[in-house]
Number of protein chains: 2
Amino acid sequence: MRLAIVGSGAVGTSVLELAGGYGHDVVGVADSSSGAVDAAGLDPEAVRSRKHEQDTVGDGTPEDVLEADYDVLVEATPTTLGDAEPGFSHVECALERDRHVVLANKGPVAERYDDVRALEADSAGSVLFEAAVGGAIPVLSTIDDLNGQVTAARGVLNGTANFVLSRMAAEGLGYEHVLAEAQDLGVAEADPTFDVEGVDAALKCVILANVLYEDTYTLEDAEVEGIDDLPGSALELAAEDGRTIRLIGEVADGDVRVGPRLVPENGTLAVSGTLNIVQLETQHAGRLNISGRGAGGPETASAILADVGRLPSE
Amino acid sequence: MRLAIVGSGAVGTSVLELAGGYGHDVVGVADSSSGAVDAAGLDPEAVRSRKHEQDTVGDGTPEDVLEADYDVLVEATPTTLGDAEPGFSHVECALERDRHVVLANKGPVAERYDDVRALEADSAGSVLFEAAVGGAIPVLSTIDDLNGQVTAARGVLNGTANFVLSRMAAEGLGYEHVLAEAQDLGVAEADPTFDVEGVDAALKCVILANVLYEDTYTLEDAEVEGIDDLPGSALELAAEDGRTIRLIGEVADGDVRVGPRLVPENGTLAVSGTLNIVQLETQHAGRLNISGRGAGGPETASAILADVGRLPSE
């Protein structure tokens, strides 16, 4: 397939680097202000050094990339809420041109799922977004394979919050201390609001709800509580009872909820560090647990490239 | 799709019952001595009561089912070693007629993988066998989606052996006692040899090796040790060190090995009861863990029907 990548952060850059190993050519790359297009396939190293030296990916514009002759648009710009722009317009542009879209950006499928599905219905292109939920974990493809059998989903869907809670529990340290440590390590962003307030996990749960219920949920439909007010004493009390606390997202009975929950200390949901886990409840196959790395450039790129492989090739 | 099912044990019967919910018709069912064919679709309830009352599924022969007009042959007869018959001949018959094959039977893809792939190469039909490894756990489809990125696999692939070890460790009971209990509960078969000697887990690992290395392994290439000689004192010693023992199958560096191994007591691999788990090591996406029910009629049927959904529909 010929890929055009919009967004050149860690995820977009990893897709550029790994696509060749999956047999695909990258014919366009855009960041927020520039673009590079080459119908014969871009050289990842050349794009990277150009970005490093001149802070642009090429001499063109982002619009040149959107208008290029690709099979699949990879949308890897940062997630935005509300109108989900500019991600949504990128999706729209590709589908109107009958091209496929693979998203890492959660915005369009969390905040404007009905609009995306309506555009897809009128297009010869398909939309896939495995990378938007749980990074490397194959959640959506498993749900798809189970063909309507999955009745509920829950899990740990934000690695930053999980790192903070794991460290607080293991070391008896306070929230502010561990958060600062996570920022030093690059596990938490300078502005960790989305992660610690539960918004990032909620967006992933909203996407799961959209897929499970074939309905249109948005962030407004989710009940969201973060870990930013959680006292260390709560973790100590939990530990006395053989339990710990995790930021659990849950999609069940039509509801979407995210918040700190008590879980067994050595139980399946108590993954440590930045790991993510998803539990799927199925009608005939019992409970499936899938855990792995929920974020990271190459990990998320792997999910994107698996989606590309699932697209109809004609 | 129109399915023909060969084998009417727990798995074959569950496929018959669940296929309709996935939008498929079952046009033929065979047990070892009889067959039922109906181009308009068989009634699951009628087949079941016939089997119950007369110990035959219909008035026809198994050959009638193999020769019926189906799209997919579901092979769910018991696993056999060596020439993998009669399963292998069923696969051969379907592929020579350019039909797809979905296997729960491990024999043909563990003992005669090269023959199966050679037949598939000359056929318009495809062969899938997710149900043969880890029951409901989507192992092979995840490996396939990762497109050559998986470098090694290990895990708990036999629920009976895991049940026995879990109980021995938790209750401090001896092997013979727990095995008898497992037989009473229906978790272990009357002849548990394949499970406790590690053969069943080894066959699954051989299949994983065939897929990962695109090579032809058989049971003879596997180094296999069971749990039937394991003294309870070994579990006690492990527990003193915060560890326990599981029957671990591993495919790594070109080798296939199954045997009792020390694992951390509350670690990811120490699943309890009849659960299975598979860990996949990947090049770019880190380690993925997938756990769930590794056996059972509806669970295995779910994996079969997921495979049917993955087949090219034309």
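Just so you know, these numbers come straight off a predicted model, no measurement behind them.

A. Quick look at the UniProt feature "domain: Homoserine dehydrogenase catalytic" (unreviewed entry) in chain A. UniProt's feature table lists "domain: Homoserine dehydrogenase catalytic" (unreviewed entry) at residues 138-308 of chain A, given in the numbering used throughout. Summarising residues 138-308 of chain A: 42% helix, 26% strand, and an end-to-end C-alpha distance of 13 Å.

B. Molecular detail of the sheet that holds strand S6 (residues 127-128) of chain B. Residue and element names in this part refer to chain B. Reading across from one edge, S3-S2-S1-S4-S5-S6 is the order of the six strands in this open sheet, with mixed pairing throughout. A single partner strand is all that each edge strand has here, and the edge strands are strand S3 (35-37) and S6. Bridging between strand S5 (residues 100-103) and S6 involves two bridges; their strand directions are parallel. Among the inter-strand pairings, Val101 is bridged to a residue of S6, identified as Val127.

C. Here's a closer look at the packing of aromatic side chains. Overall, the coordinates contain four aromatic pairs over all chains when judged by the stated rule. Seen from their ring centres, Tyr213 of chain A and Tyr217 of chain A are 5.9 Å apart, and the 40 degrees between their planes marks the pair as tilted. Take Tyr213 of chain A: its relative accessible area is 25%, and that puts it in the partly exposed class. Ring centres of Tyr113 of chain B and Phe129 of chain B lie 6.3 Å apart, and the angle between their planes is 85 degrees; this geometry places the pair in the edge-to-face category. Of this pair, Tyr113 of chain B sits in helix H6 (residues 113-121) while Phe129 of chain B sits in the loop between S6 and helix H7 (139-145), and the two are 16 residues apart along the sequence. In this structure, Arg99 of chain B is placed above the aromatic ring of Tyr70 of chain B, and the distance from its NZ or CZ to the ring centre is 5.7 Å.

D. Focus on the side chain of Lys204 of chain B. For Lys204 of chain B, the location among the structural elements is in helix H11 (residues 199-213). A polar side-chain atom of Lys204 of chain B sits 2.7 Å from the main-chain carbonyl oxygen of Leu157 of chain B.

E. Spotlight on helix H13 (residues 297-310) of chain B. All names here are of chain B. For H13, built from 14 residues, the straight-helix expectation of 20 Å at 1.5 Å per residue is met to within 8% by its first-to-last C-alpha distance of 20 Å. In terms of residue burial, H13 counts as a mostly covered element, since eleven of its 14 residues are buried. Burial in H13 covers these residues: Gly297, Glu299, Thr300, Ala301, Ser302, Ala303, Ile304, Leu305, Ala306, Asp307 and Val308.

F. Just the interface of chain B and chain A, in detail. Taken together, the contacts link 28 residues of chain B with 28 residues of chain A. Each partner contributes to the roughly 2200 Å² buried at the junction of chain B and chain A, and carbon and sulfur atoms together form 51% of this total. Counting every contact that joins chain B to chain A gives two salt bridges. Counting every contact that joins chain B to chain A gives ten residue pairs in polar contact (both at pLDDT 80 or more). Of all the elements, strand S12 (residues 287-293) of chain B adds the most residues to the side of chain B that touches chain A, at seven residues. Pairing geometry for strand S12 (residues 287-293) of chain A and S12 of chain B, over three bridges, is antiparallel. Each bridged residue has a counterpart across the sheet, and for Ser291 of chain A the counterpart in S12 of chain B is Asn289 of chain B.

G. A look at the relation of the copies chain B and chain A. Rotating chain B by 180 degrees and moving it 0.0 Å along the rotation axis overlays it on chain A with an RMSD of 0.0 Å. Taken together, the rotation and translation relating the two chain copies correspond to the operation of a two-fold axis. Considering only C-alpha atoms, the residue of chain B closest to the rotation axis is Ile290 of chain B, which sits at 2.3 Å. Interface overlap between copies is the fraction of interface residues in one copy that are interface residues in the other; for chain B against chain A it reaches 100%, indicating a shared surface.

H. Seen up close, a negative patch on the surface. Residue and element names in this part refer to chain A. A surface patch of like charges, here negative, comprises Glu189, Asp191, Glu197, Glu223, Glu225 and Asp229. Mapped onto the fold, Asp191 is located in the loop between helix H9 (175-185) and helix H10 (193-196). Assessed through its relative accessible area of 54%, Asp191 is described here as exposed.

I. Geometry of the pattern of salt bridges. Under the definition given, this model contains 48 salt bridges over all chains. Through salt bridges with shared partners, one network takes in Arg154, Glu250, Asp255, Arg257, Glu281 and Arg287 of chain A.

J. Up close: unusual backbone geometry. For the bond running from Glu85 of chain A to Pro86 of chain A, omega is 5 degrees, close enough to zero to count as cis. One non-glycine residue, Asp253 of chain B, lies in the positive phi region at around 50 degrees. Residue position: Asp253 of chain B is located in the loop between strand S9 (243-252) and strand S10 (255-264).

K. Summary view of the pairing of strand S4 (residues 72-75) of chain B. All names here are of chain B. The alternating pattern of S4 places Val72 and Val74 on one face and Leu73 and Glu75 on the opposite face, and all of these are buried. In this sheet, S4 lies alongside strand S1 (residues 2-6) in parallel orientation, the contact comprising four bridges. When the bridges of S4 are listed, Leu3 appears paired with Val72. As defined by bridge partners, S4 adjoins S5 across four bridges and the pair is classed as parallel. Each bridged residue has a counterpart across the sheet, and for Val72 the counterpart in S5 is His100. Following the backbone out of S4, through helix H4 (residues 87-96) and into the adjacent parallel S5, one traces a crossover that is right-handed.

L. Structural view of the domain arrangement of chain A. Residues and elements named next belong to chain A. Under the domain assignment used here, chain A contains domain 1 (2-135 + 297-310) and domain 2 (141-293). Taken over C-alpha atoms, the centre of domain 1 sits 27 Å from the centre of domain 2. Between domain 1 and domain 2, the residue contacts involve 16 residues of the former and 19 residues of the latter. In total, about 1500 Å² of surface goes out of reach between domain 1 and domain 2, with carbon and sulfur atoms giving 67% of it. If you look at where domain 1 meets domain 2, you find two salt bridges. One salt bridge connects Arg293 with Glu299, and the closest N-O pair in it is separated by 2.9 Å. Linking domain 1 to domain 2 there are six residue pairs in polar contact (both at pLDDT 80 or more). Elements supplying a minimum of two residues to the side of domain 1 that touches domain 2: helix H5 (107-111), helix H6 (113-121) and helix H13 (297-310). Counting residues per element, the side of domain 1 that touches domain 2 draws most heavily on H5, which supplies three residues.

M. Focus on the environment of Thr56 of chain B. Residue and element names in this part refer to chain B. Along the polypeptide, Thr56 turns up in the loop between helix H2 (44-54) and helix H3 (62-66). Spatially, the C-alpha atoms of Thr56 and Glu240 are 54 Å apart, while their sequence positions differ by 184 residues. Not counting chain neighbours up to four residues away, the residues in contact with Thr56 comprise Asp31, Ser34, Arg50 and Lys51. Of note is the side chain of Thr56, whose polar atom sits 3.1 Å from the side chain of Arg50.

N. Seen up close, the environment of Val47 of chain B. With respect to the helices and strands, the residue Val47 of chain B is situated in helix H2. What Val47 of chain B contacts, discounting residues up to four positions off in sequence, is Leu16, Val29, Leu42 and Val57 of chain B.

Scoring rules and cut-offs
Residues numbered from 1 in each chain as written. Chains lettered and ligands numbered in written order. Predicted model: local features only at pLDDT ≥ 70, side-chain atom pairs only at ≥ 80, totals over all residues. Heavy atoms only, no water. UniProt positions renumbered as here; feature names shortened; annotations may be inferred. Helix = DSSP H or I, 4+ residues; strand = E, 2+ residues; numbered from the N terminus. Pairing = 2+ DSSP bridges. Phe/Tyr/Trp six-rings, centres within 6.5 Å; stacked < 30°, edge-to-face > 60°. Buried < 20%, exposed > 50% of the residue type's maximum accessible area, 1.4 Å probe, protein only. Lys NZ or Arg CZ within 6 Å of the ring centre and 35° of its normal. Polar contact = N/O pair within 3.5 Å; in protein donor to acceptor, adjacent residues only side chain to side chain. Expected span 1.5 Å × (residues − 1). Contact = heavy atoms within 4.5 Å. Buried area = accessible area lost by both parts, 1.4 Å probe. Salt bridge = Lys/Arg side-chain N within 4 Å of Asp/Glu carboxyl O. Least-squares fit on C-alpha atoms with pLDDT ≥ 70 in both. Patch = residues over 30% accessible without salt bridge, like charges linked within 9 Å, V, L, I, M, F, W, Y side chains within 5 Å. Areas by Shrake-Rupley, 256 points an atom, 1.4 Å probe, with all protein chains shown as cover. Lys, Arg positive; Asp, Glu negative; His and termini not counted. Charge placed at Lys NZ, Arg CZ, Asp CG, Glu CD. Right-handed = clockwise from strand over helix to strand, strands pointing away. Domains from an automatic or database assignment.

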